[in-house]
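One-letter residues, chain by chain:
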Amino acid sequence: MATFTQSQLQAIADALGDTEDGLIGSEIAHLLQTVGIVDTDPQMTKRHRLYNAFANDQNRRKDRTRIIGFVRKAMKPERFAREQKRFEPMRQNLNRALAFAGLAIEASGQLVSASAVQTLSEASKRARELREDLASRGVHPDVLSFCREELLADNYFHAVLEAVKSVAEKIRTRTGLTDDGGVLVDRAFGGDRPMLAINALSTESEKSEQKGFCNLLKGTFGMFRNTTAHAPRIYWKMSKKDAEDLLSMVSLMHRRIDAATTPSRL
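The model shown is predicted, which means the values in this text are computed figures rather than measured ones.

Notes on the nonpolar core
No. 1: Counting residues in each nonpolar core, the largest one holds 39 residues, and the members touching the most others are V160, V167, I171, F189, L217 and F224.
No. 2: Listed by contribution, the elements that provide at least two residues to this core are α6 (117-137), α8 (157-175), α9 (181-189), α10 (204-230) and α11 (240-259).
No. 3: Sort the elements by how many residues they give to this core and α8 lands first, with 9 residues.
No. 4: Look past the residues within four positions of V160 in its chain and what remains in contact with it is F224, M238, A243, L246 and L247.
No. 5: Residues L9, L50, F54 and V71 belong to the second largest nonpolar core, which totals 34 residues.

Here it is as structure tokens:
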């Protein structure tokens, strides 16, 4: 019987459990129960929860039948009747993952066979070349982790998008905040005594640098979030050179956040 590889399962779980465009917790619980897959780790993050449930089921049954059933039920268009804008981003995310298994979700919600060989070859080549070029630039290790085949199956945009998301996640990790976008940046880096400072803030020049970094973060978040909110990601084509430049900028953000300090509030 056909099975998914570990990396294919991970990619599928990542797509279905995507923080922005994936299933919510209650949907995951309902769908797992409906197809008869044991919810092994309901307290874990969505991606890990799905991966563990899928892997456990496939390992026990030695086939992927119930995982396929989960995907089919998850992508029934009627489920999105009241939230139509959720369907296409989720379908595109999932198709990038399913391409590696020779499958695809059509606009009708039907799961069909597709050619995987060319997608695998191109994605692998893109990932290797992008990773090598960025490594030669000395980019931050956290950025290199987004040069993965499943993110490059269509074009370079998805690697950049995920890398930008990682900047916001690092800010949340360092501050304990739960906000996003401009609100997150203002709360973390704004004010006379910010939660994070990229310099000593002892001169007007240093204060201007802090404000400029805030604007850089907010502009980058807005560029990607606003665009993806109004258009399917698949249609924003990005060249390799543009991706390298943008990922270098994201690398700068990661380094400055890593080195940021917390000023005294006394």
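Back to the text.
Regarding the environment of T262
No. 1: Positionally, T262 belongs in the segment after α11.
No. 2: Sequence separation between T262 and K62 is 200 residues, and the spatial gap between their C-alpha atoms is 51 Å.
No. 3: In this view, T262 contacts M195 and L196; residues no more than four positions away in its chain are not counted.
No. 4: A polar side-chain atom of T262 sits 3.2 Å from the main-chain carbonyl oxygen of M195.

Quick word on the packing of helix α1 (residues 6-16) against helix α3 (residues 46-61)
No. 1: Where α1 contacts α3, the axes come no closer than 8 Å and their chain directions differ by 140 degrees. Taken as axis vectors, α1 and α3 run oblique relative to one another. As for how α1 packs across α3, the hand of that crossing is right-handed. Residues Q6, L9, Q10, I12, A13, D14 and L16 of α1 touch α3, and the partners they reach there are R47, L50, Y51, F54, A55 and Q58.

Thresholds applied
Residues numbered from 1 in each chain as written. Predicted model: local features only at pLDDT ≥ 70, side-chain atom pairs only at ≥ 80, totals over all residues. Heavy atoms only, no water. Core = buried A, V, L, I, M, F, W, Y, C linked by side-chain atoms within 4.5 Å. Buried < 20%, exposed > 50% of the residue type's maximum accessible area, 1.4 Å probe, protein only. Helix = DSSP H or I, 4+ residues; strand = E, 2+ residues; numbered from the N terminus. Contact = heavy atoms within 4.5 Å. Polar contact = N/O pair within 3.5 Å; in protein donor to acceptor, adjacent residues only side chain to side chain. Axes fitted to C-alpha atoms, helices over the stretch in contact; angles between N-to-C directions. Parallel < 35°, antiparallel > 145°, perpendicular 65-115°, else oblique. Left-handed = near helix turned anticlockwise from the far one by under 90°.

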